[in-house]
Every structure is written in C-alpha cells, then in structure tokens.
Amino acid sequence: MRTPLALPLLAAALLASGCASRDWLAYGYDSKHFSRQPNESTLTPLAVQASLHVNFDFAIPSGPTGGGSTHSFTASPSIYNNVAYIGGLNGIFYAIYGTGPSRGTMKWQYPPGTASGPDACGITTQPLLIASGSGNPSGPGIASSAAIVSGVPGHARAVIFGAPDPTSNGGDGRVWALDADSGQCIWKSPVVAPTSGTSKIGYSSPAIAHNRAYVGVSAKRPDFPITIGHLFAINLADGSQDTAFTFNATNGIAGGGIWSSAAVTPSGNIVVTTGNSCHDSNPGCATEPSVNRALSMLKLDYTNGAVLWQVQPVPFGLDEDPDWAASPSVGQVSCGSVAISVQKDGYVYAADIKTGGPFSNPACSTPGHQLECPRWSFPPVVSLPFTGGLHGDTRFLRMAALDGDRLYIIAGGPAVGESVPGHPASPATNRLYSLNVCSSDADRIRWILDVPGFAPGAPSTAGGVIYIGSDDGHLYAYADTSVLPPTSFVCSYPGLPSGLSCSGAGFQNIGVPVQLKAVPISGSVTGVPAISRGQVYVATTSGHLIGMTP
Amino acid sequence: MDMTFRRRALKDNLRASTLVVGCLAALALPPHGVALAQQTVDRQFTHTLLAPGIAASAPATVRLRTVPVRLVLRNLVVGQGTAKDVANSSFAVMELQAGHVVTTIAGDRQERVPGDFWTVAKGANITFENPHPNAAAIIRVTSVEATP
C-alpha cells in the first residue's frame, strides 16, 4: 500500500522543511541573523545571471496618506506569504504585495489613510513619528525592521516592530503589534523610550524568542547626547513588558546605546552589541563607570538579562566612537556555535557562544573588568583589549551573512585603521570579504570584492549567490567562488595592486567573485536584501521597495 | 640612535609628541588637491613595493615656513614575513598605527603594539618582522629632511 505510507512520509518531509521557512520573517531571515534563505530553488546563479530584473517597484506615495516628509526606508523588508512588510522614516508601516496582478501595491498601511476613530492603540491616521529632536536616518519614523510572528493569540501572524507613538508625548518609543493580514493594531507596549529622555527605538529590530520580543534603544539624536543602552523584553501575547528581564549598559551617565538588533543563540539566550561609552562625546565623563557594557558584544541570560560573557576589545580610554552598531550573526557552524559581528572601526570578532556562564578570561580582562576573549578576530590581533591604535567611526555598520562556514562581511581587513597621508579617501568601506569561520588565520580570507559605490548595504545569500545593494543605485548579485571560480584577483591589502608587489610585501593575491548581475534601482540600499520564493526584495533610502525576479 | 617610547609608560610623551608633529603638519599642509598632485602612484592604489617584505605609500610633503626643512609623511606597510635592513635616509619618527611588528634597529630588537612610537636615526637600517597572516603592520613615518 504505497499511498498510506507515502502520505505520512510526505507530511513528515513537509514538516521538516517547514522548520526552515521560504519566508523571510525577520531582519536577517530570523533571529539568528544569518541573512541566508535556505530554501531557494528559483534564484539559481544561471537564472540570476540571465534575467534578474525589477518585478515591481513600490514608491512611498505623496499626498496626505504619505506620512511624514522623510520618504525613506532604512529598515529592511520582512516577507511572509509573498507580502513584504516594512516601515518608513515617514512613520507609515506598509504591507506590499510581492506577486500577482497586485504586486507592488499596498495590501494595507498603518496608520490607515482614513479612519473613523481611534483604534485599539489609540491611533487614527497620524504617522508614527517623533515630533521633534530626532535624527536621521534612524528617525523620525520607523527604522526598526519588523519580525513576523505566530505567538499572538487570536492572530495567525502578527507584525512586531519598534516605533514612536504620536499620541504619547510627541513620540514615546514603544513596540507595536499589527495583524499581518488586516494591518489592525493588536497592542502597543508600555513606553520603553520616553521622549523626555535621550533614547528612542532606532534600528533595533525585535529578536523573537520565548514568546518575547527583545528590543534595544539608542540615542534619540545621534549622538547629542548619547544615551544609556537598554534592552527590553516584551511579551508577545499582550505587549506587556517582562520586568524580570533588565539590561542596562552602564551605571554611569550614558553609554552602550543599542543600535543593533539582538540575536538568539541556539539555546535561546540573547546576544547583543552596544554603542560607544560616554568617553568620546561627553565632557563630564572623564572616569569610566564601574559598570561599562559599552562597545561590547554580550551574551545575556534570556530570563533576566544577566551578562554571561562580554567581549570588549576597545577599552574606555581608546573610545573614539567605534560603536558596535552591526547586529551579530549567531548560530551553529562546523566548529561550534559562534557569534560574529564587525565593530565600526572595521575589526571583525567571532566569539564562542558557550553553554552556561558567566565566563571571563584573564587574558582579555583588565582590572575591574571581567571580559571574554573572542575565538578570533579579523585581522588577527595579538592581544585584547587594545592598548593603542585608532578606534573611531569608520562606518563599518553592516550585519554579516553566513552560509555554513562561509561568512560574508564588509570589514576593514588588513588595512583596518589606516589613514594614508595625502589620501583623503583611504578607508575602504566597500570591501566585502568572504571569510572561513572555522579556519586558521592564514586561511581566513576566501575572496574579496570591492563593491561598487562607497557605502554598500548588508549582504544576503541564497543558493551560492550573494546579494548586496549599494549607494550607487544598484542591487548586485555575485556568485560565491564555490559556485563559479574567480576570474580576477586583488591584493588582500587594498593599497597594492595584485601580483608580485602584493605577494612581495607579504600579502595574498585573493580571488574576486564573478558578478552575475547589476540591477539598476531607485536609491541607495542600506539594509539587507530579503529573499523569498524566487524574489529578492530591497528597500531604498529614496523610499522605494523593489522586488526582483529572474 | 634608537629612542623608544611605550604608550603605556609614556602616554603623555606620546600625546605631546604627536601633538607637536600634528600641529607642524597642520600649519604647513597644503590643501588636499595639492597633496594629491604630489603623488606619483596609480590613483587606484596608494602604495608601492618599497623593498622585499614592505610597501610604502606615496610621500606627502609638508614644507615648514620658517626653516629650510620639510616633513615627509608616509605609511609603511608590512605583511606577513620579514623586511630586512630597510634603509632609513633621514631622521624619522615611527608610530605603529595598527597590527603587530617586531623591529630591529642597530641590533636592538623590540616588539611594537599599536600606539608605540620610536625614532630612527638618519642612515640606520631597520628590520621589520610581522608574524601574523592577513594582518598588516601599519607604520606612520614622519621624516625630517632638509629642503632640497
């Protein structure tokens, strides 16, 4: 009897595959932030090379339903069932059809264009904006990418994001839940970033675990002044705050703002990165506070926010604003579970997640600090914390993508921190590296790509193709060198040409991945291309949400 | 003669010296356009191979106004390996900006970490060793030369 046996097997297979969704339900695919779509069969390298093109192009509409005046997307889209969900700096959240005859049109917007009265969250039609004192591009509207969840009772799917509340003191920051199908507000959380203070919910996207959304706050107007970083846990069921979970980045006057999105470890704990201390920008902050979680990657206990380890490569005294603004990518690779991210000065760190804790290592600690060592850094560093060097704002802000042990990340590389005399544009902020996560330092670099433009967005990947937008008005697709061999080489040190002068100076000639496609689009991409069901979605700072298909 | 300073021990000296050199440079530096015009390397690349194991950026020259002296600023970059007996034609202040390097000057072998700076006498040779793969030792060199 083949059929009765085959059906359960098929069901089991579907269930198993369902664990890895074809949707793109959060910033970086899910709360691990691998920015990888594991179930993609349409976007093959050949198909992308042959015909990737714009399938739809939605632009934030002008007029009375267009919200605030900043028609720009700095959040990244999340995708569920061929609908893209994203909020704009104009204070409007959109659900946009990605396929079918209505593709590129609104399924709904929130707040709605017209309303007969206040909804369950007290909103009629006013956009979710901070009235004054905010700063672009993490405000004044919605910069927090949405997570699409199933844990809200009575709703098949809900859309969770952080945004200002225009009905509350000119834009107090709250976490919001909308019904994914109807766009109606389900709940809004208590205020987590009051306008009376110095913080707002900026880029921090909710990390979903244990029926909670974990969201951080950063400076309301960067960095004037900087704020104290906090991470909050919001119960998905009703939007209440789980007060058992507390994380404060400092007990000083300011420091450790959370510009990034927390990630969730395989065992359910939280990894988060934090911004600069008060050292760089506050004259009243000459002494390091006794609790200093700024400029760190931290693992937190998901129940109470207790610090389980802290990697803090740049000490208080060297803080020249190298925020750890990029979100961590966290999860299993062939050599264990790691958390990986780039700090704004261009150094990449990979830390072992570990089980239990708290952990620290005397080799990376200093008096008064219980710090952990990373497994590796890129470029390699002889000892941490640093005792010198230049650690400032060199704009390495983008989250990595991770496919198995293959990491894709924009980083400083061997030239990190270099300022070349007489050469004003020497920091290479457009160099995308593919790194071997589990190799030795000598074999760390797999390939190097100088992305066209000056400031690319974050990469994502599916089926051996890497997608990355840039500020030159293109979405680029490249073939990983495991798919297509490189046809050109660059020097691992960007100041030298490839060839003998590169190797002669002790550097490596490294392959360059083949460009499959450069698709012209409207505006710059700062976020992550989302990949779902054969389509690549990007949002641009000129207020376009664009879908591309072969 | 090699005079070595360590950031951790002589932070104030470091800052004072850096300030002096920086102020001199700021007073005498031409606008960016002029500085760029003085470069001879390909615009795409900032460095050329100086000697086996070491590359250098194009020199940026700062002419002092009251004395017939110029400051020559350039970066030396050492990849993994050894650059042996690199000639130093002028008195120079060297500062390790990034990476890790071991220098040998007149038989004196010293480990350098970012923030360290040291001086090298005119005519002295210097050997650089960088044991780390995929990491550059980036050394800012400020030389003092008589104006030709």
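Conventions and cut-offs
- Within every chain, residues take consecutive numbers counted from 1 along the sequence as written.
- By the order in which they are written, chains take letters starting at A while ligands take numbers starting at 1.
- Given that this is a predicted model, residues contribute local features only at a pLDDT of at least 70 and side-chain atom pairs are listed and counted only at 80 or more, while totals for whole chains, interfaces and linings are drawn from all residues.
- Put simply, DSSP marks the helices as runs of H or I at least four residues long and the strands as runs of E at least two long, and each gets a number from the N terminus on.
- The globule rule is 2.2 Å times the number of residues to the power 0.38, and the radius of gyration it is compared with is taken over C-alpha atoms.
- Each residue is represented by a C-beta atom placed from its backbone, and any two residues with such atoms within 7 Å are regarded as in contact.
- Labels follow a simple rule on C-beta atoms placed from the backbone: if 20 or more others lie within 10 Å of a residue's own, it is buried; if 12 or fewer, it is exposed; otherwise it is partly exposed.
- A pair of strands is treated as paired once DSSP finds two or more bridges between them.
- Axes here mean lines fitted to C-alpha atoms, for a helix over just the part in contact, with angles spanning 0 to 180 degrees between N-to-C directions.
- Each residue gets one of three labels, nonpolar for Ala, Val, Leu, Ile, Met, Phe, Trp, Tyr, Cys and Pro, charged for Asp, Glu, Lys and Arg, and polar for the others, Gly among them.
- Note on terminology: a nonpolar core is any set of buried Ala, Val, Leu, Ile, Met, Phe, Trp, Tyr and Cys residues joined through C-beta atoms within 7 Å.
- Every residue gets a pLDDT, meaning the predictor's confidence in that residue, from 0 to 100.

*Asks:* I'm lost on the overall build of chain A in this one. Help?
*Replies:* Helix and strand counts for chain A stand at 3 helices and 35 strands. Whereas a compact globule of 550 residues would reach a radius of gyration of roughly 24 Å, chain A reaches 22 Å, a difference of no more than 12%. With the principal axes as the frame, chain A shows a C-alpha extent of 70 × 60 × 55 Å. Summarising the internal contacts of chain A: among those between residues at least 6 apart in sequence, 63% fall at separations of at least 24.

*Asks:* What is the right way to read the overall build of chain B from this model?
*Replies:* Counting its regular elements, chain B contains 2 helices and 12 strands. Ordered by position in the sequence, the α and β elements of chain B form the string β-α-α-β-β-β-β-β-β-β-β-β-β-β. Counting the 148 residues in chain B, one finds 39% classified as buried. For chain B, the proportion of contacts with a sequence separation of at least 24, taken over those separated by at least 6, is 68%.

*Asks:* Explain the environment of Gln-126 of chain A to me, please; I cannot follow it from the model alone.
*Replies:* All names here are of chain A. By the element assignment, Gln-126 lies in the loop between strand E5 (106-110) and strand E6 (147-149). Among the residues examined, Gln-126 registers 15 C-beta atoms within 10 Å and is labelled partly exposed. Between the alpha carbons of Gln-126 and Ala-47 there is a distance of 43 Å; along the sequence they are 79 residues apart. Setting aside residues up to four positions removed in sequence, Gln-126 forms contacts with Pro-111 and Pro-166.

*Asks:* Please explain the sheet that holds E5 of chain A as it appears in this structure.
*Replies:* In any sheet, the strands associate via hydrogen bonds between backbone groups, in a parallel or an antiparallel arrangement. Residue and element names in this part refer to chain A. Across the sheet, 4 strands lie side by side as E2-E3-E4-E5; this open sheet has antiparallel pairing. On the outer flanks of this sheet lie strand E2 (78-80) and E5, each paired with one strand and no other. Across the sheet, the mean angle separating the axes of adjacent strands is 20° when strand polarity is ignored. Of the pairings in the sheet, the one linking strand E4 (residues 93-97) to E5 comprises 4 bridges and is antiparallel in character. Bridge pairing in E5 links Phe-93 to Tyr-110.

*Asks:* Even after reading the chapter, I still don't get the interface of chain A and chain B, so can you show me in this structure?
*Replies:* Accessible area lost upon the coming together of the parts is a frequently used measure of interface size. Taken together, the contacts link 33 residues of chain A with 41 residues of chain B. In the side of chain A that touches chain B, the residues fall into 18 nonpolar, 12 polar and 3 charged.

*Asks:* I keep staring at the pairing of strand E2 (residues 47-51) of chain B and nothing clicks. Help me out?
*Replies:* Looking along a regular strand, one sees side chains alternate from face to face of the sheet. All names here are of chain B. With 4 bridges joining them, E2 and strand E3 (residues 54-57) adopt antiparallel strand pairing. Bridge pairing links Leu-49 to Ala-55 in E3. The turn linking E2 back onto E3 is made up of 2 residues, and Gly-53 within it adopts a positive phi angle of 95°.

*Asks:* Got a minute to help me understand the sheet that holds strand E26 (residues 445-450) of chain A in this structure?
*Replies:* All names here are of chain A. On the basis of which strands lie adjacent, the open sheet formed by 4 strands has the order E23-E24-E25-E26 and antiparallel pairing. Looking at the sheet topology across the chains shown, the edges are occupied by strand E23 (401-403) and E26. Ignoring which end each strand starts from, the neighbouring axes of this sheet average 15° apart. Alignment of strand E24 (residues 406-410) against strand E25 (residues 431-436), held across 5 bridges, turns out to be antiparallel. When the sheet's bridge partners are listed, Tyr-408 is paired in E25 with Ser-434.

*Asks:* What exactly am I supposed to notice about unusual backbone geometry here?
*Replies:* For residues other than glycine, phi is negative in most cases, and the peptide bonds are mostly trans. Here the amide bond leading from Tyr-110 of chain A into Pro-111 of chain A is cis, since omega sits at -5°, within 30 degrees of zero. Assignment of secondary structure puts Pro-111 of chain A in the loop between E5 and E6. Between Phe-378 of chain A and Pro-379 of chain A the backbone carries a cis peptide bond, its omega angle lying at 0°. With a phi angle near 55°, His-210 of chain A is a residue other than glycine that sits in the positive phi range. With a phi angle near 50°, Asp-85 of chain B is a residue other than glycine that sits in the positive phi range.

*Asks:* Sorry if this is basic, but what is going on with the nonpolar core here?
*Replies:* Note on soluble globular proteins: their nonpolar side chains tend to be buried together. Of all hydrophobic cores here, the largest spans 197 residues; its most connected members are Ile-160 and Ile-409 of chain A together with Ile-54 of chain B. When near neighbours in sequence (up to four residues on either side) are disregarded, Ile-160 of chain A contacts Ala-146, Ala-147, Val-149, Val-175, Ala-177, Pro-206 and Ala-213 of chain A.

*Asks:* How should the environment of Ser-189 of chain A be read in this particular structure?
*Replies:* All names here are of chain A. Looking at the element boundaries, Ser-189 is found in the loop between strand E9 (185-188) and strand E10 (199-200). The class for Ser-189 is buried, based on 23 C-beta atoms found within 10 Å. A sequence separation of 102 residues divides Ser-189 from Gly-87, and the C-alpha atoms of the two residues are 17 Å apart. Not counting the four nearest positions on each side in its chain, Ser-189 is found in contact with Arg-174, Val-175, Ile-234, Gly-239 and Gln-241.

*Asks:* Looking at this model, I keep getting lost on the confidence of the model for chain A. Mind explaining?
*Replies:* Fine structural detail should not be taken from predicted coordinates in areas where pLDDT scores are low. Residue and element names in this part refer to chain A. Taken over all residues, the pLDDT of chain A has a mean of 94, while the share at 70 or more is 96%. Long-range and interchain partners of residues 1-5, a stretch whose pLDDT sits below 50, account for 0 contacts in this model, where long-range means more than four residues apart. Here residues 9-18 scores under 50 on pLDDT; set against residues more than four positions off or in separate chains, the count is 1 contact.

*Asks:* What should I look at first to understand the environment of Arg-221 of chain A in this one?
*Replies:* All names here are of chain A. In this structure, Arg-221 sits in the loop between strand E12 (212-219) and strand E13 (230-235). Arg-221 sits 83 residues away from Ser-138 along the chain, and the two C-alpha atoms are 8.6 Å apart. Look past the residues within four positions of Arg-221 in its chain and what remains in contact with it is Gly-133, Ser-134 and Gly-135.

*Asks:* Just to check I follow, could you spell out the pairing of strand E20 (residues 336-342) of chain A for this structure?
*Replies:* All names here are of chain A. In terms of burial, E20 is largely enclosed, as 5 of its 7 residues are buried. Sheet topology places strand E19 (residues 329-333) next to E20; 5 bridges connect them, and they run antiparallel. Counted as the bridge partner of Gln-332 is Ser-337 from E20. Here E19 hands over to E20 after 2 residues, the two strands then running antiparallel side by side.

*Asks:* What's the story with the confidence of the model for chain B in this structure? I'm lost.
*Replies:* Residue and element names in this part refer to chain B. Predicted confidence across chain B gives a mean pLDDT of 79, with 71% of residues reaching 70 or more. Across residues 1-43, where pLDDT falls below 50, the model places 51 contacts with residues more than four positions away in sequence or in other chains. In the model output, the complex is listed with pTM 0.92 alongside ipTM 0.89.

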